[in-house]
Amino acid sequence: MFGFLKKLFPSKKEKDVQALRPIVELINAEYGKLRNISDDELRAKTAGFRKEIQEHIAAIVGEMQSLRAQAETENDIDTKQKLYDRIDVLKKDRNTALEAILLEILPEAFAVMKETARRLTENKALKVTATDWDRKIAAQKPDVAVIEGNVAIWDNKWLVTDTEMEWNMIHYDVQLIGGQVLHQGKIAEMATGEGKTLVATLPIYLNALTGFGLHLVTVNNYLARRDCEWNAPLFMFHGMSVDCIDLHEPNSEQRRAAYNADITYGTNNEFGFDYLRDNMTTQPEHLVQREHHFAIIDEVDSVLIDEARTPLIISGPVQRGDDVQQYFDLKPRIERITRKQREIVNQFRKK
């Protein structure tokens, strides 16, 4: 009886999952088409996605750049403000256009990541025509890739927190569903061992295609470094730059470069303190973070509830002189407001 009623009146969770299953079928259909293409052709898919995205938003981005150039040379304050207001509107239009194109390419993009995971699981190495990117990675991370003549060999074993790890995971349908949920900005609850880290590779890859940056926020330094080193080769194979801010000193060029990577891992505290420091600086060249675009939060309950109970506080030099004088000028008014507040509280208590 109860089983019949559950089928007749499914829960919201069941409805949400059922709505995502047709997309899973599309992903698996695209995944089947990729099995017989070469490693070079698989990697070329990423360049194709990026080109498609840039063409889709080219008109809006071009208008934004033109308006920004006008604003920088404009002397009239009111006109300058109108130009920047128009840029803000166009930025929202650009993000709407990005959302549309990403949903369009999502099935094929998820399939590319799943096929990459399969090839690394079933093969000792992936061989592609060596590019400047491959040579750079081989020089920086010889455990990930090596160059032999004109061929780049990407190993399926690499170091994760100083321990060699062999890639042996392929996305299941439930993880394809989880990837869609994260891309939609929702919370995906999964038990330990169900592959949350693998799920995250899907929306990370998809949103990093835009070139506007993606943040993966974790709750501690170990997870930030581990997840970065664990998943980075999947993304780097496709020409994406990956870094972790926790590996670099605050306000350093290395940390600024980490923020400019396609994919940036880090802890919530480091992201938060960098944001506060950027809001304290008076020189644009001293900023380390770029414009925020998309973020995925691991252990979201811990980051946004438990950790959020302790506020991030940062101090810096305070100007004297005028600021102090302004305080003394306002002090009588502040005292009057305080007395009025006390009177209201006392009246309320009497009642």
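I will try to describe carefully the structure that is included in this document. The structure presented is a predicted model; accordingly, all values stated were derived computationally and were not measured. (Residues numbered from 1 in each chain as written. Predicted model: local features only at pLDDT ≥ 70, side-chain atom pairs only at ≥ 80, totals over all residues. Heavy atoms only, no water.)

1. Focus on the overall build of the chain
Looking only at helices and strands, the chain has twelve helices and nine strands in total. When each of the 351 residues of the chain is scored for burial, the buried share is 38%. Partitioning the contacts of the chain with sequence separation of at least 6, the portion at a separation of at least 24 is 69%. (Helix = DSSP H or I, 4+ residues; strand = E, 2+ residues; numbered from the N terminus. Buried < 20%, exposed > 50% of the residue type's maximum accessible area, 1.4 Å probe, protein only. Contact = heavy atoms within 4.5 Å.)

2. Here's the deal with the sheet that holds strand S2 (residues 145-148)
If you trace the three strands from one edge of the open sheet to the other, you get S1-S3-S2, paired in antiparallel fashion. The open sheet has two free edges, formed respectively by strand S1 (125-129) and S2, since each of these has just one partner strand. Recorded for the sheet is a direction-independent mean angle of 25° between the axes of neighbouring strands. For S2 and strand S3 (residues 151-155), the ladder comprises four bridges, and the chain directions are antiparallel. In the sheet register, Glu148 faces S3, and the bridge partner there is Val151. (Pairing = 2+ DSSP bridges. Axes fitted to C-alpha atoms, helices over the stretch in contact; angles between N-to-C directions.)

3. Here we look at a nonpolar patch on the surface
Taken together, the side chains of Ile297, Leu304 and Ile305 define a hydrophobic patch exposed on the protein surface, amounting to about 260 Å² of accessible area. As for its placement among the helices and strands, Ile305 is situated in helix H11 (residues 300-306). Ile305 gets classed as partly exposed once you look at its relative accessible area, which sits at 48%. (Patch = residues over 30% accessible without salt bridge, like charges linked within 9 Å, V, L, I, M, F, W, Y side chains within 5 Å. Areas by Shrake-Rupley, 256 points an atom, 1.4 Å probe, with all protein chains shown as cover. Salt bridge = Lys/Arg side-chain N within 4 Å of Asp/Glu carboxyl O.)

4. Examining a negative patch on the surface
Taken together, the side chains of Glu189, Asp301, Asp306 and Glu307 present a region of like negative charge at the surface. Along the chain, Asp306 turns up in helix H11. Overall, the relative accessible area of 43% leaves Asp306 in the partly exposed class. (Lys, Arg positive; Asp, Glu negative; His and termini not counted. Charge placed at Lys NZ, Arg CZ, Asp CG, Glu CD.)

5. So, the packing of aromatic side chains
Tallied over the full model, the rule gives three aromatic pairs. Both rings, one in Trp158 and one in Trp167, keep their centres 6.1 Å apart while their planes meet at 25°; by these two values the pair is stacked. Accessibility expressed as a relative area gives 0% for Trp167, which makes it buried. Here the basic side chain of Arg43 rests over the ring of Phe237, its NZ or CZ set 5.4 Å away from the ring centre. Above the ring of Phe212, the side-chain terminus of Arg94 is found at 4.3 Å from the ring centroid. (Phe/Tyr/Trp six-rings, centres within 6.5 Å; stacked < 30°, edge-to-face > 60°. Lys NZ or Arg CZ within 6 Å of the ring centre and 35° of its normal.)

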